[in-house]
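Coordinate inspection notes
Read off the chains here:
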Amino acid sequence: MNTFSRFIPSFASPPSASSNAQLRHGKPQQQFDHLARINTDDHVNAEFAGQWDADECEDELLGLQRVMADAQNPRRPVIGSWMMFPGANLARMVAQLGYDFILVDCEHGNIDDAAMHASVGAIAGEGVSPLVRIPKLDVGTVKRALDCGAHGILCPSISTVDDARALVSYSKFPATTKPLTNQSSKKLLSGIRGVGSPFAPSVFRQSLAEYIRTANRNTFIAIQIETTEGLSNCEEIAKVDGIVLKNSQVTDHQTNSPNDLASSMGYPPLSHESIPEVQEAIERILAAAHKAVDLMNLGGDVVALMEWNNEQLARLDDITGKKSTSAMYY
């Protein structure tokens, strides 16, 4: 099975004209059930020029957005890993462990710009979604992370609505309001992201034009609530268009960082689990996230992770012949 089919178009071979028509009319053949859209290499664009509706292209999900959507039916957890050390070989090996995404940590990890490029390409090459945690809210930093081919970004220390809106703007290309043809970027958020990188289109097996037209819908933007100011504003931040939210202790879309949040509140950062006020703050952020978007709940995620953990331990038992002890780490 082509692992890329989880989040990008098939690139092994273009579909026939008849199957292309079936895809366009919502009746794909079985072998194309899991494809987001047809190959967009230049030779395919030439062959099928004018046969694909631009609005339908923009409505298709690619990247981690598609992985998240596919995980809703049947419903399952989306599980990722955290990478803090550089190296394409390391990234490739971690990606082969069966995760849905790998987060490349450029905030606290030992990963510079060049290592980020190498890691993101290696992860995507294994059919796994690469994310990048950027070190701070900065237009150049956001651009570099997305230009290297990351399916999305995680931004730390978002404390105000203006911060969140700025992050979305930095992550989105300007909308096409004066198209030369009937192909426009209507219904999509507009931003100030610069155009020019050949690396991101390569990750998605797209031409630059195709990438520009589809990226605004498919870029995954996650944030961390880490300060008392962010806590005060979390309900309004959660309403900002383009922000997806996860709680850092589990999986989905808005993150609070319990260590930094506890520190911002004046408590020892590593004791957050035993401090009621910090736990109440985390619950408040979770509630804001749940109200804004459809999220998996905390208990369900823990159960899913425990089941996955027990399955891996059972496999280890088969290899070693010894009974492993199940454990969860927080």
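Since the structure is predicted, the reported quantities are computational estimates derived from the model, not experimental observations. As a convention, each chain's residues are numbered from 1 in the sequence order in which they are written. Reporting in this predicted model follows two pLDDT cut-offs: at least 70 for local features of residues, and 80 or more for side-chain atom pairs to be given and counted; totals over whole chains, interfaces and linings ignore these cut-offs and use all residues. Only hydrogens and water are set aside when side-chain values are computed; all heavy atoms of the structure are taken into account.

**Regarding the overall build of the protein chain**
Note the following rule: Strands here mean DSSP runs of E at least two residues long; helices mean DSSP runs of H or I at least four residues long; both are numbered from the N terminus. Note on exposure labels: buried denotes an accessible area under 20% of the residue type's maximum, exposed denotes more than 50%, and partly exposed covers the range between, all computed with a 1.4 Å probe on protein chains only.
Each helix and strand counted, the protein chain has 14 helices and six strands in total. Considering the protein chain as a whole, with its 330 residues, one finds that 46% of them fall into the buried category.

**Brief notes about the packing of helix α5 (residues 88–95) against helix α6 (residues 113–125)**
Definition in use: To get an axis, fit a line to the C-alpha atoms, keeping to the stretch in contact for a helix; angles then go from 0 to 180 degrees between the N-to-C directions. These descriptions rest on fixed angle ranges, namely under 35 degrees for roughly parallel, over 145 for roughly antiparallel, 65 to 115 for roughly perpendicular, and the rest for oblique. Crossing handedness: left-handed means the near helix sits turned counterclockwise from the far one by under a right angle, and right-handed means the same turn made clockwise. Whether two residues are in contact is decided by their heavy atoms: any pair within 4.5 Å suffices.
Two elements in contact, α5 and α6, have axes whose closest approach is 8 Å; the angle formed by their N-to-C orientations is 30°. By the criterion of interaxial angle, the relationship of α5 to α6 is roughly parallel. Crossing angle aside, the handedness with which α5 passes α6 is right-handed. Residues Ala88, Ala91, Arg92 and Ala95 of α5 lie in contact with α6, whose contacting residues are Ala118, Ser119, Ala122 and Ile123.

**Structural notes on the pattern of salt bridges**
Inclusion rule: By convention in these notes, a salt bridge is any Lys or Arg side-chain nitrogen within 4 Å of a carboxyl oxygen on Asp or Glu.
Going through the model one piece at a time under the given rule, you end up with nine salt bridges. When the shortest N-O distance is used, the salt bridge between Asp113 and Arg144 registers 2.6 Å. On the criterion of sequence distance, the pair formed by Asp113 in helix α6 and Arg144 in helix α7 (residues 139–147) is long-range, its members being 31 residues apart. Looking at Asp113, the relative accessible area reads 34%, which means it is partly exposed.

**Details of the packing of helix α11 (residues 228–237) against helix α13 (residues 276–292)**
For the pair α11 and α13, the least separation of the axes is 8 Å and the interaxial angle reads 20°. By the angle class used here, α11 and α13 are roughly parallel. For the pair α11 and α13, the sense of crossing is left-handed. Contacts from Leu231, Ser232, Cys234 and Glu235 of α11 reach α13 at Ala281, Arg284, Ile285 and Ala288.

**A few points about empty space enclosed by the protein**
Applicable threshold: Points on a 1 Å grid, built from protein atoms alone, make a cavity when a 1.4 Å probe fits but cannot get out and make a pocket when they are open with protein on both sides within 12 Å along at least 5 of 7 lines; residues with an atom within 4 Å of a point are the lining residues. Grid points are joined across faces, edges and corners, and a volume is the space filled by probe spheres set on the points. Gly is put with the polar residues, along with every residue not named as nonpolar or charged; the nonpolar set is Ala, Val, Leu, Ile, Met, Phe, Trp, Tyr, Cys and Pro, and the charged set is Asp, Glu, Lys and Arg.
Under the criterion given, the structure shown has four cavities of 30 Å³ or more. In this structure, the largest cavity spans a volume of roughly 80 Å³. Lining the largest cavity, in full, are Leu62, Leu146, Ala150, His151, Phe204, Gln206, Tyr211, Thr214, Ala215, Asn218 and Thr219. Top contributing element to the lining of the largest cavity by residue count: helix α10 (residues 208–218), with four residues. Grouping the amino acids of the lining of the largest cavity by side-chain chemistry returns six nonpolar, five polar and no charged.

**Thoughts on the side chain of Glu226**
Quick note on the threshold: By the criterion applied in these results, polar contacts are pairs of N or O atoms within 3.5 Å in which, for protein atoms, one can donate a hydrogen and the other can accept it, and in which residues neighboring in sequence qualify only through two side-chain atoms.
With respect to the helices, strands and loops of the structure, Glu226 is situated in the loop between β5 (220–225) and α11. Polar contacts involving the side chain of Glu226 include one to the main-chain amide nitrogen of Ser157, which spans 2.6 Å.

**Some words on the confidence of the model for the protein chain**
Filter applied, for reference: What pLDDT reports is the predictor's confidence in each residue, on a scale of 0 through 100.
Per-residue confidence for the protein chain averages 74 on the pLDDT scale, and 66% of its residues sit at or above 70. Per-residue pLDDT stays below 50 along residues 246–253; that stretch engages in 35 contacts with residues further than four places along the chain or on separate chains.

**With respect to unusual backbone geometry**
Residue Pro74 is bonded to the preceding Asn73 through a cis peptide linkage, with omega at -5°. For Pro74, the position within the fold is in the loop between α4 (63–70) and β1 (80–83). In this structure, Ser157 takes a positive phi of about 55° despite not being glycine. Its location among the elements puts Ser157 in the loop between β4 (152–155) and α8 (161–171). Look at Ser157 and you get partly exposed, because its relative accessible area is 39%. At Arg205, a residue that is not glycine, the phi angle is positive and equals roughly 55°. In this fold, Arg205 is placed in the loop between α9 (199–203) and α10.

**Re a nonpolar patch on the surface**
So the rule is basically this: Patch membership requires more than 30% relative accessible area and the absence of a salt bridge. Residues of like charge join within 9 Å; the nonpolar side chains Val, Leu, Ile, Met, Phe, Trp and Tyr join within 5 Å. For the area figures, the Shrake-Rupley method with a 1.4 Å probe applies, and any residue is considered shielded solely by the protein chains shown.
Together, Trp82, Met84, Phe85, Leu90 and Met93 give the surface a local cluster of nonpolar side chains, amounting to about 500 Å² of exposed area. Looking at the element boundaries, Leu90 is found in helix α5. Take Leu90: its relative accessible area is 31%, and that puts it in the partly exposed class.

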